[in-house]
Amino acid sequence: MASNNEAVNYNRINMYGSAAPKINTPAPKRKPNEVQRPRVVKKTRKQIKLEQRRSAFKAAKVLVICGIFFALISFQIFSQVKVDELDRELQSVNSQIEILDSENTRLNMQLDSIISLDKVDAYAQDTLGMVKVENYQVSYVDLSSGDVATVSGGKVHHSLWDTIKSYFN
Amino acid sequence: MANKSRKMLQNRAMVAMVLVCVFGFGLGIFGLVRAGLVKGEYYKQKAESQQLSDTTVSAQRGTIYDRNMNVIAQSADVWKVYINPSKITKDEVRQNVAKVLSEILGLEYDSVYEKCGKSKYNYVLIKSQVEYDKKTEITEAVKNNKGFSQIVGIESDVKRYYPYSNFASTVIGFTGTDDVGRSGLEYFYDDVLTGTPGRVVTAKNARQIKMSSSYESYYEALQGGNLVLTIDQVIQYYLDSALEHAVVDFNATYGYGIVMDVETGAILAMSTKLDYDCNNPYTVANQSVLDKIEELETDEEKNNALINARYSQWRNRTVSDGYEPGSVFKCVTAAAGIEEGVVTPAEMFNCRGYYKVQDRMYHCSHREGHGVEDFTTSLANSCNPIYIEVAQRLGAKTFFKYFEAFGFTEKTGIDLPAEYSPTANVTYYTGDRLGAVELASTSFGQSFQVSPIQVVTAINAIANGGKLVEPYIVAASLDENGNKTMETQTTVKRQVVSEDTAKQVSYMMEETVRRGTAKNAYVAGYRVAGKTGTSEKLPERRYYIGSFCGFAPANNPKITVLIAIDEPKSGSYYGGTVAAPVGAEVISQTMAYLNIEPQYTDSELANLDVTTPNVVGHASSSAKADLEAKGFTVRTVGSGSKVVSQNPASGQVIPKNGVVVIYTDEKAKTTKVQVPNLLGMTVAEANRVAIANGINIKISGYTSGSTNNSYRQSITEGTEVSAGSIVTVSFKSSVDVAD
């Protein structure tokens, strides 16, 4: 073991360009490769079938996992596409709402301008021949004492106190 | 030696390694620090713009309502149509674009064609505020015409709608194309009406399409506040239409008016005629002004004149203009005199027709003098010398104290822009500068200027038991959910005169309407108190402003009204002739609208018109007998036995001896008569002519006494109408109305 180390050291010295004489050490002899015979394991048919089944199951498992993985990715892509589609629809609907809001305001304004007081006044007087009410044609009803209604034929409800008083009277 | 060189080599290698590390990593670190700290914001924005979509959510401008929540102004989204002329390479395409756009948008072909030729530009606006129907047509045209998609573009815009066009336009104002208030309330309350824009920040996918809402941040836009005005749409309409008629009838330059709630100072109506359409504020509405502009020679002159005409029509003259109030101011002098105890309503004076102050001679409107009269009558006669006398008794200092107290030296504080600003010793004399001469002329409303809103506020103080209130036009502001964010409360500035003094002056003003210069402001059934004024326009003194200011009902005032007719040029220019009838019209209609019950005197009841009964379906002979028994003049048309129809219809109001035409035959229904000339007549004359011509008149305005004359008829002379039709004829007195 020590001779080997020395040989390595000498080689290193030589490698770094030392002026010392090179010592040739014999390379360690290699042992001829031993040829190993393959071991032959005899399997029963049952075992072979079992193994075949196992490998088929493994393949199926891989396939299922791949299938699930593929389905998940597909689902993800599909949902993303669907979300994008719905987003676009939402934007379109929002835009429609804005347009309809705007139209609603415009039409309301148009309606208001058509039924403005001056136009109603002119139509009533010129086309329908109407005249404005005169102040004296209006009858005013005095409600200063409250808005009172009398129910005819109704039941008279007495308060509890009135009932007690009437009992003693 | 070898070790040394080896070490050296090792050191050099180390240094080289360190240098590589320092430079390599150093540059990296430097880049990171620079990107993170120095240019962090820049890269952040770049990343955001690449990965995020940032959309501004525009805040809609608030709506303006009248006091009954009728919409006066409202905003809505519209569109702008623009072109990219740099994409137009062939004249054929240019012509086609110009043709399509001009036809759809109603523009001149040449103008659009010229815009299409600006090939250096990539954005030229064709039309803003395009509404949905036109926008749809443009979109269709873009689809149907090859190459249009690169040339024609549409983007969002905002439009402000004013449904009633000219309705209180000088008060409401308008907004610019940028949706910012430019005039009137739109300008004054711009910060309330303008909202705060919001933002939607959304992640974008590779195709630049916005991603789902889970990647979205929404910063809500704060919508602009809504304003609820004190203006009442109906009263405003009464004032607008009365002023419009007056401007035409008296060939005036302008007419302006204010209706104020006595107790609160809320402005119920405010109008300046001629005005403009809020939807088209840059279009000059006055045709005579446009004609004058057209007559100018150079384009520069025309442009300048056009700009001035626009500014002029936008001006709210009730708030921004100063004028000499004339005799209306005598009410203030009277109030000061009575409050200080230097005069009483019953005190007797002798008007000789003039009053000499130092070397200056002041004349009464009635040059011969009114003779002996009490102080109340002096107001009814608008007698200048008596008011000079009262002012002299008060003295300059005390007189000025009331001048100031009634608010003539300060802005009223109304929430409208560009209020007229009184300036000491420029627009009025201060107490120490009021010499005897200045005091004399100030006492009857001359030699100083005030705005109409100042005058109506001062007279309102008399109506309001001496309390001077601050006028206001915005009652409240609301948020987008309708919650009140601000509510204006009545501000009583001060008690100017005692309640008793206010009552005495009120009585004097009522007498002025009953028998004085303001008689044309009389309204049957209501006690109207008022005073007229006529003043020369400064500085030329060639034209006049006739005005009336009063309140009703005098016994329990609800509204104060000011009417001013600026530069009336057809006949009389006195306030009693031109402004008082307008005041009466507005007061009469407003009283009925406010459900204030009329209280007629016996003589008023005797003069009232009557309502036609229904005789349709009755036997013609009995119908005629019934009508004649009620005092009507009956004309039978047709030979049938039953009344098929009647004119006027049942329930119409006509004079007591008015004409009722009964038709007994379907064929006879077409009987027509021509409306005669009914102007310049007394009530009796007009009625006689009307009956002779087979029509009825409805009497409007001042009809007491024998000095009234008709000055307006609702249907012009020569118009063909059905027999028995009603023509409204307005009367006024032109005698003893000079002030």
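This is a predicted model, so every value here is computed, not measured.

Further remarks concern the nonpolar core. If you look at soluble globular proteins, the nonpolar side chains tend to sit buried side by side. Counting residues in each nonpolar core, the largest one holds 189 residues, and the members touching the most others are L229, V259, C331, F399, F406, I473 and V528 of chain B. Among residues more than four places away in sequence, those in contact with I473 of chain B are V171, L185, L229, T230, I231, I267, I414, D415 and L416 of chain B.

Right, let's talk about the interface of chain B and chain A for a bit. The partner chain A presents 23 residues to the 31 residues of chain B that form the contact. Listed by contribution, the elements that provide at least two residues to the side of chain B that touches chain A are β3 (71-83) and α10 (233-249) of chain B. Broken down by element, the residue count for the side of chain B that touches chain A peaks at five residues, all from β3 of chain B.

The next subject is the sheet that holds strand β24 (residues 645-647) of chain B. Residue and element names in this part refer to chain B. An order of β23-β26-β24 is seen for the three strands of this open sheet, with the pairing classed as mixed. Of all strands in the sheet, those with a lone pairing partner are β23 (633-637) and β24, marking the two edges. Recorded for the sheet is a direction-independent mean angle of 20° between the axes of neighbouring strands. As judged from the five bridges shared by β23 and strand β26 (residues 659-663), these two strands associate in the parallel manner. Its bridge partner lying in β26, V637 is registered against Y663. Its contacts with the sheet place helix α24 (residues 620-629) against β23 and β26, and it is angled at close to 160° to β23.

So, on to α10 of chain B. Taking 1.5 Å as the rise per residue, α10 of chain B with 17 residues should run 24 Å; its terminal C-alpha atoms sit 24 Å apart, in good agreement. When α10 of chain B is considered as a whole, its buried residues turn out to be Q233, I235, Q236, Y237, Y238, L239, D240, A242, L243, A246 and V247 of chain B. On its buried face, α10 of chain B is in contact with α3 (117-127) of chain A together with β9 (254-261), β10 (267-273), β21 (559-566), α21 (575-578) and α22 (580-593) of chain B. Immediately beyond the C-terminal end of α10 of chain B, within one or two residues, lies N251 of chain B, with a positive phi of roughly 50°.

A few words now on the environment of E597 of chain B. All names here are of chain B. With respect to the helices, strands and loops of the structure, E597 is situated in the loop between α22 and α23 (602-607). Overall, the presence of 14 C-beta atoms within 10 Å leaves E597 in the partly exposed class. As for E597 and G525, which are separated by 72 residues in sequence, their C-alpha atoms are 8.2 Å apart.

The next thing to look at is the environment of G575 of chain B. Within the secondary structure layout, G575 of chain B lies in helix α21. Setting aside anything within four residues of it in sequence, one finds G575 of chain B in contact with G326, T532, G533, T534, G546, S547, F548, A580 and D739 of chain B.

What follows deals with the domain arrangement of chain B. If you check the domain split of chain B, you get domain 1 (2-38), domain 2 (60-194), domain 3 (319-603) and domain 4 (609-733). Using only C-alpha atoms to locate each centre, domain 1 of chain B and domain 3 of chain B end up separated by 95 Å.

Parameters at a glance
Residues numbered from 1 in each chain as written. Chains lettered and ligands numbered in written order. Predicted model: local features only at pLDDT ≥ 70, side-chain atom pairs only at ≥ 80, totals over all residues. Core = buried A, V, L, I, M, F, W, Y, C linked by C-beta atoms within 7 Å. Buried ≥ 20, exposed ≤ 12 C-beta atoms within 10 Å, placed from the backbone. Contact = placed C-beta atoms within 7 Å. Helix = DSSP H or I, 4+ residues; strand = E, 2+ residues; numbered from the N terminus. Pairing = 2+ DSSP bridges. Axes fitted to C-alpha atoms, helices over the stretch in contact; angles between N-to-C directions. Expected span 1.5 Å × (residues − 1). Domains from an automatic or database assignment.

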